[in-house]
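Chain residues, written in single-letter form:
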Amino acid sequence: MADRVTVIGWDGSPLSTAARSALGAATLVAGARHHLALPEIPRGAERIQLGSVALAARRIAGHRGTAVVLADGDPGFFGVVRTLRAPQHGLEVEVVPAVSSVAAAFARVGMPWDDARVVVAHSRDLRRAVNVCRAHTKVAVLTSPGAGPAELALLLGPVHRTFVICEELGSERERVSVLTSDKVADHEWRHPNVVISIGGLRTPVVQGSPWISGPDPDLPQEPRGWALPAHQYGARLGEGEGGQLRAAQLARLGPRVGDLLWDIGSGGGAVSVEAARFGAAVIAVDQDPVACERTAASARAFGVQLQVVRGRAPQVLEDLPEPDTVRVGGGGPPVVAACAARRPERIVCHAATRDEAEAVGRVLSEAGYRVECALIQSVELDTSDHSGWAETERSVAFFLCGHLPRRTS
């Protein structure tokens, strides 16, 4: 094992005394091509161009001498330190940090970033980073080849954001560009780069000093909870949007950051809004223009980001990006079948009769989903009358959830 492993962050500024000292004593240096060209590297040191950090870690673990790993920005922030410290390599490292590329990017445009989401984009799972940009108003994206500004913008499609693209930060070729996402694919962008995605509905301003990084979970402050009562939406909700059924649907959907939910037949937008409050990206679909406006108004009232699409399912679904989960609020078996063909992890829906529930269940089963069904009955009581609570509303619905079995390798 190497006698000593030092990880040095580099942001384009002159190396610190500690960094120069460690580099001058190195017998093995690993880094990108531009790192290995630094004049401070000893002539006799073995040089490894970083591709796979895990492979480099194995080389370092077998080295007898003093090793240095050079990395852009802060190597402890989405950087090489995590891999080098993995138990299988057994490496103890010293870190000489530099300004992270995310901090440098926000500094170039004079913006705070303690309220930003920070994501890493790879070509294999770029859609997750895109979904975060859909759902949140301030996102920093650490890009990679094949998952750069153009690819991000193309997948965002009609969801427009302002992109701040910072190329080769800290170098002589540094360039900062600001443009709308619909213009990004018209340009070529140099790597490495950082994208700051800004835009969407205005969110409440944090009063005082923030207490946690990322979006403040206390905003919006009211109301606390989920499966909220209908009066919180300022209008009567439609069939299938009752609180108890909605609670069951949200529990099975499990919306989370990085997911995309289709809410088909969004009605008053209650499920769409509450999924967005959990941090998921949401596309709300309805053929009724009044329902579309109600959903958009609910999103504005709650300060969440979602996309509203007017159209008739299943036809309108053909051009939508791939969902992780789907709620079907109307359309019956044909719409459920069209959704199942896109292979989301979960599909939830409801039915008014047992025959309808069995028909939907057959569609899900034939598509390879494991089907769960329960009869949900709720009764609302008027608690304002102290002489006796009177029943004000009763609802009964069959709740169905299709679970797509996980693939095993």
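For the structure itself, consult the block above.
This report concerns the structure included in the present document.

Procedures and definitions
Residue indices follow the written sequence of each chain, beginning from 1 at its first position. Predicted model: local features are reported for residues with pLDDT of at least 70 only, side-chain atom pairs are reported and counted for 80 or more only, and whole-chain, interface and lining totals are derived from all residues. With hydrogens and water set aside, each side-chain value is computed from the structure's full complement of heavy atoms. Salt bridges are defined as contacts in which a side-chain nitrogen from Lys or Arg sits within 4 Å of a carboxyl oxygen from Asp or Glu. Under the DSSP-based scheme used, a helix requires at least four consecutive residues in state H or I and a strand at least two consecutive residues in state E, with every element numbered from the N terminus. For every residue, the accessible area (1.4 Å probe, protein chains only) is compared with the maximum for its type, and the residue is labelled buried under 20%, exposed over 50%, or partly exposed between those bounds. We define the nonpolar core as a collection of buried residues of types Ala, Val, Leu, Ile, Met, Phe, Trp, Tyr and Cys that are connected through side-chain atoms lying within 4.5 Å of one another. We call two residues in contact when some of their heavy atoms are within 4.5 Å. Residues are said to line a cavity or pocket when one of their atoms sits within 4 Å of a point; the points come from a 1 Å grid over protein atoms alone, cavities being sets where a 1.4 Å probe fits but cannot get out and pockets being open sets with protein on both sides within 12 Å along at least five of seven lines. Grid points are joined across faces, edges and corners, and a volume is the space filled by probe spheres set on the points. Classification used: nonpolar for Ala, Val, Leu, Ile, Met, Phe, Trp, Tyr, Cys and Pro, charged for Asp, Glu, Lys and Arg, polar for all others including Gly. Pairs of strands are assigned from DSSP output, requiring at least two bridges between the strands. Lines fitted to C-alpha atoms define the axes, with helix axes restricted to the stretch in contact, and inter-axis angles between N-to-C directions lie between 0 and 180 degrees. Excluding any residue in a salt bridge, patches collect residues exceeding 30% relative accessible area, merging like charges within 9 Å and nonpolar Val, Leu, Ile, Met, Phe, Trp and Tyr side chains within 5 Å. Working definition of accessibility: Shrake-Rupley area with a 1.4 Å probe, residue cover restricted to the visible protein chains. Two rings belonging to Phe, Tyr or Trp (six-membered ring only in the last case) form a pair when the distance between their centres is within 6.5 Å. Interplanar angles under 30 degrees mark stacking, angles over 60 mark edge-to-face geometry, and anything in between is tilted.

Turning next to the pattern of salt bridges. Overall, the coordinates contain 19 salt bridges when judged by the stated rule. Note that E94 and R4 form a salt bridge whose closest N and O atoms lie 3.3 Å from each other. Highlighted residues: E94 in strand β5 (residues 93-96) and R4 in strand β1 (residues 4-10), separated in sequence by 90 residues. We classify E94 as partly exposed; its relative accessible area is 42%. For R190, the salt bridge identified is with E168, shortest N-O distance 2.5 Å. Separated by 22 residues along the polypeptide, R190 in the loop between α8 (181-184) and β10 (193-198) and E168 in the loop between β8 (162-167) and β9 (175-180) bring together distant segments of the chain.

This part covers the nonpolar core. Counting 27 residues, the largest nonpolar core has W262, V328, C339 and I347 as the members making the most contacts within it. For this core, the secondary structure elements donating two or more residues are β11 (260-264), β12 (281-286), β14 (325-328), α12 (332-340), β15 (346-351), α13 (354-366) and β17 (390-403). When sequence neighbours within four positions are dropped, the list of residues in contact with I347 reads V326, V328, V336, C339, A340, L364, Y369, L400, C401 and G402. Ranked by size, the runner-up nonpolar core spans 23 residues in total, among them L261, A275, L306 and A397.

What follows is about the layout of surface pockets. Computed from the structure, the largest pocket encloses a volume of approximately 1,400 Å³. Lining the largest pocket are 45 residues, and of these D72, F78, L142, T143 and P192 sit closest to its centre. Considering only residue class, the lining of the largest pocket consists of 20 nonpolar, 18 polar and 7 charged.

Moving on to the sheet that holds β5. Read from one edge to the other, the open sheet built from 5 strands follows the order β3-β2-β4-β1-β5, with strand pairing classed as parallel. Both outer strands of the open sheet, β3 (46-49) and β5, are each paired with one neighbouring strand and no more. Here the strands of the sheet are splayed against their neighbours by 20° on average, with no regard to which way each runs. Here β1 runs beside strand β4 (residues 66-72); their pairing, made up of 7 bridges, is parallel. If you follow W10 over to β4, its bridge partner there is D72. The sheet strands contacting helix α1 (residues 17-24) are β1, β2 (28-31), β4 and β5, and the helix crosses β1 at an angle near 135°.

Okay, the sheet that holds β15 next. The strands making up a sheet are joined through hydrogen bonds of the backbone, oriented either antiparallel or parallel. Taken in spatial order, the 7 strands make up an open sheet running β13-β12-β11-β14-β15-β17-β16, and their pairing is mixed. Across the chains shown, the open sheet's two edge strands, defined by having one partner strand only, are β13 (307-310) and β16 (370-382). Looking at each pair of strands side by side, their axes are set apart by 20° on average, direction ignored. Pairing of β11 with β14 involves 4 bridges; the strand directions are parallel. Opposite W262, over in β14, you have V326 as the bridge partner. In this fold helix α6 (residues 126-135) packs onto β11, β12 and β13, with an angle of close to 70° to the strand it touches most, β12.

A contiguous nonpolar patch, built from V379, L381 and W389 and spanning about 300 Å² of accessible area, is present on the exposed surface. Along the chain, L381 turns up in strand β16. Taking the relative accessible area as the measure of exposure, L381 reaches 42% and is therefore partly exposed.

In this section: the packing of aromatic side chains. On inspection of all chains with the given rule, the structure shows 5 aromatic pairs. A ring pair is formed by F77 and F78, whose centres lie 5.0 Å apart and whose planes are at 80°; its orientation type is edge-to-face. Residue F77 is classed as partly exposed on the basis of its relative accessible area of 28%. Each ring, one from Y233 and one from F302, has its centre 5.3 Å from the other, and the planes form 40°; the classification is tilted. Of this pair, Y233 sits in the loop between β10 and α9 (243-253) while F302 is found in helix α11 (residues 289-302), placing the two residues 69 residues apart along the sequence. For the residue pair Y233 and F302, the accessibility class agrees, reading buried in each case.

It is worth spelling out unusual backbone geometry at this point. For residues other than glycine, phi is negative in most cases, and the peptide bonds are mostly trans. Look at the link from H191 to P192: it is a cis peptide, with omega at 0°. Mapped onto the secondary structure, P192 falls in the loop between α8 and β10. P314 follows A313 through a cis peptide bond whose omega is 10°. Note that P314 resides in the loop between β13 and β14. Phi is positive for A227, which is not a glycine, with a value near 50°. Residue position: A227 is located in the loop between β10 and α9.

The values reported here are purely geometric and, on their own, carry no functional implication.
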